[in-house]
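Structural characterization, general
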Amino acid sequence: MTQNAAVICGVMLAAELTARLCPKDKMLGFVKSLVVLTLLASGAAALLGAEWKLPPLPEAQQEGDSPLEHYVEDQMEQAAAEQWEAYLRGLLAAAGLEAKKILAEVDIGGESSIVLTKAGVRFRFESDAQRARALLENVLGPETAVEVTWDGA
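Residues numbered from 1 in each chain as written. Predicted model: local features only at pLDDT ≥ 70, side-chain atom pairs only at ≥ 80, totals over all residues. Heavy atoms only, no water.

A look at helix α5 (residues 126-140)
For α5, spanning 15 residues, the distance from its first C-alpha to its last is 21 Å, which sits close to the expected 21 Å at 1.5 Å a residue. The inward-facing, buried residues of α5 contact α4 (67-94), β2 (114-123) and β3 (145-150). (Helix = DSSP H or I, 4+ residues; strand = E, 2+ residues; numbered from the N terminus. Expected span 1.5 Å × (residues − 1). Contact = heavy atoms within 4.5 Å.)

Re the nonpolar core
Membership of the largest hydrophobic core comes to 20 residues, with the highest contact counts inside it found for Leu88, Leu92, Val121, Phe123, Leu136, Leu140 and Val148. When residues in this core are grouped by element, the largest group, five residues, is from α4. In this structure, Val148 is in contact with Val121, Phe123, Ala129, Ala132, Arg133 and Leu136, ignoring residues within four places of it in sequence. (Core = buried A, V, L, I, M, F, W, Y, C linked by side-chain atoms within 4.5 Å. Buried < 20%, exposed > 50% of the residue type's maximum accessible area, 1.4 Å probe, protein only.)

A look at the pattern of salt bridges
A full pass over the atoms with the stated rule returns five salt bridges. Note that Arg133 is salt-bridged to Glu137, the shortest N-O span being 3.9 Å. Taken together, the residues span about one helical turn, with Arg133 and Glu137 both in helix α5 at a distance of four residues. When salt bridges that share partners are traced, they join Lys100, Arg122 and Asp151 into one network. (Salt bridge = Lys/Arg side-chain N within 4 Å of Asp/Glu carboxyl O.)

Some words on the packing of α4 against α5
Two numbers describe how α4 lies on α5: the axes approach to 11 Å, and their chain directions differ by 125°. Judged by the angle between their axes, α4 and α5 are oblique. The handedness of the crossing between α4 and α5 is right-handed. Contacts between α4 and α5 involve Trp84, Tyr87, Leu88, Leu91 and Leu92 from the first element and Ala132, Leu135, Leu136, Val139 and Leu140 from the second. Tallied by class, the residues present in the contact of α4 with α5 amount to ten nonpolar, no polar and no charged. (Axes fitted to C-alpha atoms, helices over the stretch in contact; angles between N-to-C directions. Parallel < 35°, antiparallel > 145°, perpendicular 65-115°, else oblique. Left-handed = near helix turned anticlockwise from the far one by under 90°. Nonpolar A, V, L, I, M, F, W, Y, C, P; charged D, E, K, R; others polar.)

Quick look at α4
The terminal C-alpha atoms of α4, which comprises 28 residues, lie 41 Å apart, in line with the 40 Å expected from a rise of 1.5 Å per residue. Along α4, the positions that sit buried rather than exposed are Ala80, Ala81, Leu88, Leu91 and Leu92. On the buried face of α4, the contacting elements are β1 (101-108), β2 and α5. Of the residues one or two after α4, Gly96 is the one with positive phi, at around 80°.

Rendered as structure tokens:
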């Protein structure tokens, strides 16, 4: 970049000195204008095509260990767990079941994907617990751990 600037300045200086030697020659003025315009266009193209490298981020910011990121991740995890609990409550209500307690454990993956890892439900009666276990295992699939308990067990 500095080489381009030095060349542009040198050629413009030479063109100006030549124009001062022959101040009334219109052809020389025209050629000077073309040279200056070409050099300015070349300099602008060099500026636009240059690779501007930013300084690297400090290590703490690169690894994502900032307290703000941990706080935001915890808030996202808590909100996702609450949404899953509401979903499970609605799913059980659609089957005519009312749980005493619902617990959803979620995991935030590397690509910020939220996955339900465990669903825990507590009922008053054993028959409700058996129906809920069958429903949840079928809906959530084998990837999610399902824990269904009742007050007697």
